[in-house]
Amino acid sequence: MPSDCSTTSGRTARNTALAPTGPPPARLVLLFAIACGSAVANVYFAQPLLVTLGERFSLGSGLLGAIVTVTQAGYAAGLFLLVPLGDLADRRKLITLQLGLLAAALLAVALAPGTAVLLAALAMVGALAVVTQTMVAAAAHLAAPAFRGRVVGAVTSGVITGILLARTVAGVLADLAGWRSVYLFSAAVTATLAVLLRRALPAGPPPAARLPYRSLLASTVALFAGNRLLRVRGALALLVFAAFSTLWSSVVQPLSSPPWSLSHTAIGAFGLAGAAGALAAGIAGRWNDRGLAQRTTGTALVLLALSWLPLAFTRQSLWALAVGTVLLDFAVQAVHVTNQTLIHAVRPDAGSRIIGGYMIFYSAGSALGATGSSLAYAAAGWTGVSALGAAFSCAALLLWATTRTP
């Protein structure tokens, strides 16, 4: 017995010594933010290029959502199969390996000769882009609890900036050098970031999880099955990102057709109208550190529902689209940061599994919005899309109102 007590005491002392007492170095947080933004951008590059890709690979308007859907399906698979490895493997090795493989998948997209290869490569890009969530979990793990909200907010600001700039960069590069240049450029950037992170990341402590891989995956399901907060926040993520994807998976169609007939660059620039989303991430992170998670969530969901009022007038006014985009992106990212801060606190030692499981809801919502908006646009035009987005947003607000706790 004394031996057992001594072992337990020693393990506790080591864990206490390894526990962070402050935030990670600012330069590492910045590198995390840049790398997360670059990785997640790959999931969104295709959105301003949908019409061009549809023409190049002979896809009708009702099938354009398949390009987004297959990427999100790959993303969902990666979230379940790859992100939990962050609780089992050395995060530095895992992050750099995934970034290297992601660079290879991006090269395959750029060189795709036909539809089958394009969709398969995009699915791989989606699966490997989940390195973003591995990095978010790593950043949260490196921060003391009192600093975790602001660190997650700072890294998520990079994610949001990547999502926004993805459309702008894709539009500009496509106009200058064709759609394939978008993925060639990203492959080069991703490979460079893999090298930088390999050098910058600290050697991590032994992984918290001591489970076989199959048991690790099963534990992800068990975590959500046994915790109401995780289920509620996952369901909110599904509905919120369904609304987000409803807008961004379909807005290219009215903007590229009369009366607007905008170029790739102009369409991509509308992503910058949602730059308030990056601001929302930082604000939400600080509010969460002050214990205002429920107030942040409720306010953001009201704004999300209201955003569809100006968005409904996209065909009549680009200013209405800009205003609606600011409201929608601000609201979505405020909820997202709040969700991630709350769920990580449930089991910090299982941070990768929890964030991976949570992001499966995110990916499912994104795929639902992409598919639903394509069908809605084909059936009822922009009015149908706006009604669908408003329905997702109001459903999220109703879910929060009926499940919130003080």
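The structure under discussion appears in the preceding block.
Rules behind the numbers
Numbering of residues starts from 1 in every chain and runs along the sequence as written. At least 70 in pLDDT is required for a residue's local features to be given in this predicted model, at least 80 for side-chain atom pairs to be given and counted, and no such filter applies to totals for whole chains, interfaces and linings, which use all residues. Remark: hydrogens and water are excluded; side-chain values derive from all non-hydrogen atoms of the structure. Note on ring pairs: Phe, Tyr and Trp rings are taken, using the six-membered ring of Trp, and paired if centres are within 6.5 Å. Classes follow the plane angle, with under 30 degrees stacked, over 60 edge-to-face and the rest tilted. Runs of H or I in DSSP of at least four residues are treated as helices and runs of E of at least two as strands, each being numbered from the N terminus. Residue burial is assigned from relative accessible area. The probe radius is 1.4 Å, only protein chains are included, and a residue is buried under 20% of its type maximum, exposed over 50%, and partly exposed in between. Any pair of residues with heavy atoms lying within 4.5 Å of one another is described as a contacting pair. Put simply, the grid is 1 Å and covers the protein atoms alone, a cavity is a trapped set of points that fit a 1.4 Å probe, a pocket is an open set with protein on both sides within 12 Å along at least five of seven lines, and lining residues have an atom within 4 Å of a point. Grid points are joined across faces, edges and corners, and a volume is the space filled by probe spheres set on the points. Amino acid classes used here: Ala, Val, Leu, Ile, Met, Phe, Trp, Tyr, Cys and Pro are nonpolar; Asp, Glu, Lys and Arg are charged; the rest, including Gly, are polar. A patch consists of residues exposed above 30% relative accessible area that lack any salt bridge, with like charges linked at up to 9 Å and nonpolar side chains (Val, Leu, Ile, Met, Phe, Trp, Tyr) linked at up to 5 Å. Only the protein chains shown count as covering a residue, and every accessible area follows the Shrake-Rupley method with a 1.4 Å probe. A pairing counts as a salt bridge when a side-chain nitrogen of Lys or Arg comes within 4 Å of a carboxyl oxygen of Asp or Glu. To estimate the expected span of a helix, subtract one from its residue number and multiply by 1.5 Å. A residue's bend is simply the angle between two axes: one fitted to the seven residues ending at it, one to the seven starting at it.

For the rest of this paragraph, the subject is the packing of aromatic side chains. Scanning the model with the defined rule gives eight aromatic pairs in all. On the basis of an interplanar angle of 85 degrees and a centroid distance of 6.0 Å, the ring pair of Phe45 and Tyr183 is categorised as edge-to-face. Pair noted here: Phe45 is in the loop between α2 (26–44) and α3 (50–56) and Tyr183 is in helix α9 (residues 180–200), with a separation of 138 residues, a long-range link. Overall, Phe45 belongs to the buried group, its relative accessible area being 5%.

Bringing the environment of Gln340 into the picture now. Tracing the backbone through its elements, the reader meets Gln340 in helix α16 (residues 318–346). On the basis of relative accessibility, which here comes to 2%, the residue Gln340 falls in the buried class. Gln340 sits 19 residues away from Met359 along the chain, and the two C-alpha atoms are 9.4 Å apart. If we ignore the near neighbours within four places in the chain, the residues touching Gln340 are Gln133, Val136, Val152, Thr156, Ile355 and Tyr358.

By volume, the second largest pocket amounts to about 290 Å³. Lining the second largest pocket we find 17 residues, and of these Ile34, Gly37, Ser38, Gly162 and Leu165 sit closest to its centre. Listing elements by their share of the lining of the second largest pocket, those giving two or more residues are α2, α8 (145–177) and α9. For the lining of the second largest pocket, the per-class residue count stands at 11 nonpolar, six polar and no charged.

Let's shift gears to the side chain of Arg91. Following the sequence through the fold, Arg91 ends up in helix α5 (residues 91–110). By relative accessible area, Arg91 is classed as buried at 16%. Discounting residues that sit within four places of it in the chain, Arg91 has contacts with Gly86, Ala138, His141 and Ser352.

What follows covers a nonpolar patch on the surface. Together, Leu107, Leu111 and Leu184 line one region of the surface with nonpolar side chains, adding up to about 280 Å² of accessible area. You can see Leu107 is positioned in helix α5.

A separate point is helix α7 (residues 131–141). For the α-helix, the turn length of 3.6 residues means that residues three or four positions removed from each other point alike. Across the 11 residues of α7, 10 count as buried, placing the element largely inside the fold. Along α7, the residues that are buried comprise Val131, Thr132, Gln133, Thr134, Met135, Val136, Ala137, Ala138, Ala139 and Ala140.

Compared with the 48 Å implied by 1.5 Å per residue over 33 residues, the 46 Å span of α8 between its first and last C-alpha is a close match. Of all bends in α8, the biggest is about 30 degrees, found at Leu165. Where α8 ends, the next residue or the one after it, Gly178, has phi of about 90 degrees, a positive value.

Right, let's get into empty space enclosed by the protein. Inspection of the entire model under this criterion finds three cavities of 30 Å³ or more. The space that makes up the largest cavity amounts to roughly 70 Å³. What lines the largest cavity is a set of 14 residues, and nearest its centre among them are Thr132, Gln133, Val159, His336 and Met359. Secondary structure elements with two or more residues in the lining of the largest cavity: α7, α8, α16 and α17 (351–403). Class assignment of the residues belonging to the lining of the largest cavity gives a composition of eight nonpolar, six polar and no charged.

With respect to the helices and strands, Val152 occurs in helix α8. Val152 sits 123 residues away from Val29 along the chain, and the two C-alpha atoms are 9.1 Å apart.

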